[in-house]
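# Notes for the structure review
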Amino acid sequence: VGHSSPELFDKITEVAIPRLRKFNSQGIANMVWAYASVGHSSPELFDKVTDIPPSRLREFNSQDLANTVWAYATVGHSSSQ
């Protein structure tokens, strides 16, 4: 897909990573969905999202889970976790 603002997405990654623990489940799902939707791969961001404690997955509703899984599949990101 691609987009014309990779610098913006890279900057958002820089700002978002230190704040990820403050994001709610919908915010996390929406963010990775947006990156995948425009075809912007951000391995660092996707890796940090996988570092979120598994206990927080209980906060994700079915739409949050579906959007997150779709985003990882779409960008082809795999994690060791």
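Above: the structure in question.
Attention here is on the structure that accompanies the text. The structure displayed is predicted, hence computed values, not measured ones.

## With respect to helix α1 (residues 6-16)
By the burial criterion, the buried members of α1 are F9, T13 and A16. The buried residues of α1 occupy an angular sector of 75° when the element is viewed end-on, so they sit on one face. Among the exposed residues of α1, those pointing more than 90 degrees away from its buried face are E7 and E14. Residues of α1 that are buried in the fold lie against α2 (25-38) and α3 (43-50).

## Details of the side chain of N67
As for its position among the elements, N67 is in helix α4 (residues 62-75). Residue classification places N67 among the buried positions, given a relative accessible area of 16%. N67 has contacts with A29, N30 and W33, leaving out every residue within four places of it along the chain.

Basis of the calculations
- Residues numbered from 1 in each chain as written.
- Predicted model: local features only at pLDDT ≥ 70, side-chain atom pairs only at ≥ 80, totals over all residues.
- Heavy atoms only, no water.
- Buried < 20%, exposed > 50% of the residue type's maximum accessible area, 1.4 Å probe, protein only.
- Helix = DSSP H or I, 4+ residues; strand = E, 2+ residues; numbered from the N terminus.
- Arc of directions from axis to C-beta.
- Contact = heavy atoms within 4.5 Å.

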